[in-house]
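Read off the chains here:
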Amino acid sequence: MDVMDIARFWSHVEVRHTLQCWPWRGATADFGHGVFKLDGKSTFAHRVAFEMACGNVDVDAVVRHTCDSPGCCNPKHLMSGIH
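So, how was this worked out
Residues numbered from 1 in each chain as written. Predicted model: local features only at pLDDT ≥ 70, side-chain atom pairs only at ≥ 80, totals over all residues. Heavy atoms only, no water. Helix = DSSP H or I, 4+ residues; strand = E, 2+ residues; numbered from the N terminus. Contact = heavy atoms within 4.5 Å. Phe/Tyr/Trp six-rings, centres within 6.5 Å; stacked < 30°, edge-to-face > 60°. Buried < 20%, exposed > 50% of the residue type's maximum accessible area, 1.4 Å probe, protein only.

Novice: What is the right way to look at the side chain of aspartate 5 in this model?
Specialist: Along the polypeptide, aspartate 5 turns up in helix α1 (residues 3–10). Those residues in contact with aspartate 5, other than ones at most four positions away along the chain, are Phe36 and Leu38.

Novice: Looking at this structure, I do not really get the packing of aromatic side chains. What am I missing?
Specialist: By convention here, two paired aromatic rings are described through the distance between centres and the angle between planes. Tallied over the entire structure, the rule returns five aromatic pairs. Ring centres 5.2 Å apart and planes at 40 degrees place the aromatic pair phenylalanine 9 and tryptophan 24 in the tilted group. One end of the pair, phenylalanine 9, is in helix α1; the other, tryptophan 24, is in the loop between α1 and β1 (35–38), with 15 residues separating them in the sequence. Like tryptophan 24, phenylalanine 9 is buried. Between phenylalanine 9 and phenylalanine 36, the aromatic rings sit 5.1 Å apart at their centres with planes inclined by 90 degrees, giving edge-to-face as the arrangement. Residue phenylalanine 9 is located in helix α1, and its partner phenylalanine 36 is located in strand β1; the two are separated by 27 residues in the primary sequence. Among the residues examined, phenylalanine 9 registers a relative accessible area of 0% and is labelled buried. An aromatic cluster is built from Phe9, Trp10, Trp22, Trp24 and Phe36, whose rings are joined through pairwise contacts.

Honestly, it's all geometry; don't read function into it.
Laid out in structure tokens, this is it:
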């Protein structure tokens, strides 16, 4: 992801205090998950936020919200896991 993609991504996130949820303000999918288009492919916004903060996640893993807010992109509220 280049600098323009990063700036474009964060322009859709309402960054708040580190303890609060950071709502996605762009397009959403079912159940309120944010959707971000990168390299022509749609991906969940919270996964992008987590990977920017923590590094790539295994393709079989999911990124879960510890806050139970599907639109949240605060990396401190996200963790990798399995279904």
